[in-house]
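Spelled out from the first residue to the last, the chains are:
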Amino acid sequence: PDKITIFGQSAGAMSVQALVSSPLPKGMIAGAIMQSGGSYKGRMNSSRTLEQALTLGSKYMEICGAETLQQMRDLSPEKLMAGLFQLMPVSFGMGLGLPFTPVMDGVLLTADYNEVLEKGNYPDIPYMLGSCLNDMMVQPGTDGRNSSIYCGCVNWSLINQLHGRKPAYVYQFCRQLPGDNQGAFHSSELWYVFRTLGRCWRPMTDADMRLADQICDYWCNFVKSGDPNGDG
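Quick summary incoming for the structure in this document. Computed from a predicted model, the values in this text were never measured in an experiment. (Residues numbered from 1 in each chain as written. Predicted model: local features only at pLDDT ≥ 70, side-chain atom pairs only at ≥ 80, totals over all residues. Heavy atoms only, no water.)

Once that is clear, we can look at the pairing of strand β5 (residues 127-132). Counting buried positions over the six residues of β5 gives six, a clear majority of the element. The alternating pattern of β5 places Tyr 127, Leu 129 and Ser 131 on one face and Met 128, Gly 130 and Cys 132 on the opposite face, and all of these are buried. The sheet contact formed by strand β2 (residues 31-35) and β5 spans four bridges and is parallel. Looking at the pairing, Ala 32 lines up with Tyr 127 of β5. Pairing between β5 and strand β6 (residues 168-173): six bridges, direction parallel. Each bridged residue has a counterpart across the sheet, and for Cys 132 the counterpart in β6 is Phe 173. A crossover connection joins β5 to the parallel β6 through helix α6 (residues 148-162); in handedness this β-α-β unit is right-handed. (Buried < 20%, exposed > 50% of the residue type's maximum accessible area, 1.4 Å probe, protein only. Helix = DSSP H or I, 4+ residues; strand = E, 2+ residues; numbered from the N terminus. Pairing = 2+ DSSP bridges. Right-handed = clockwise from strand over helix to strand, strands pointing away.)

Right, let's talk about the pattern of salt bridges for a bit. On inspection of all chains with the given rule, the structure shows seven salt bridges. A salt bridge links Lys 119 to Glu 115, with the nearest nitrogen and oxygen atoms 3.0 Å apart. One end of the pair, Lys 119, and the other, Glu 115, are both in helix α5 (residues 113-119), four residues apart, so they sit about a helical turn from each other. The exposure class of Lys 119 is exposed, given its relative accessible area of 55%. Residue Glu 115 is classed as partly exposed on the basis of its relative accessible area, which comes to 31%. The shortest N-O distance in the salt bridge between Arg 195 and Asp 213 comes to 2.5 Å. Residue Arg 195 is located in the loop between α7 (190-193) and α8 (206-225), and its partner Asp 213 is located in helix α8; the two are separated by 18 residues in the primary sequence. With a relative accessible area of 40%, Arg 195 lands in the partly exposed category. Judged by its relative accessible area of 35%, Asp 213 falls in the partly exposed class. (Salt bridge = Lys/Arg side-chain N within 4 Å of Asp/Glu carboxyl O.)

Our focus in this paragraph is the environment of Asn 229. Within the secondary structure, Asn 229 sits in the segment after α8. In this structure Asn 229 comes out as partly exposed when scored by relative accessible area, which is 46%. Distance from Asn 229 to Asp 74, taken between C-alpha atoms, is 51 Å for residues 155 residues apart in sequence. Not counting residues within four places of it along the chain, the set of residues in contact with Asn 229 comprises Tyr 169, Tyr 218 and Asn 221. (Contact = heavy atoms within 4.5 Å.)

Just distances and angles here, no functional claims.
Here is the structure:
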């Protein structure tokens, strides 16, 4: 129980950032890994006020043609999903990013993510953050190392250093996956992290197997010691 490492990818990474930004699990988390989601000033993850969430929720009801909470609950999944795609540009237009993310409700979150980091009100534990070369928010044909999603991970490492905290390790997954021209896309590292390349339709090579072994070692080393780097 004193060695609990939490990690997630995309929305899962956002959930990890919510937990380490919350006062609720204080003392329960020994390490945290955020894959393509957690950041400091990286534009991928944002918390919002209750007022903003209510405004967005009301707009969602309007899009779905519902006037009450019960009417929303009675809608089919298909209707809700159709409304969600219409809500996306509204949410981004409000500067909130994705429509549904954790809310500063005074219980789970008592302050904005960036404010939590700037004031040092987050656990002094080892962190590992990263993204993929051709991840979300990376414009095609540009260098993923200059993208907001990757720079947000570097920013976390730098603010950790500013506070004199334990190191925050940053990675970038750059393997251009075989089989098509999608590159190192959002979520492409998961087959390697979980070593499930055999369940992927892509023509994986011996080099991919070796890379998966290496990545598994990094993740397991981090859980065991707080440092992804091991012998060699």
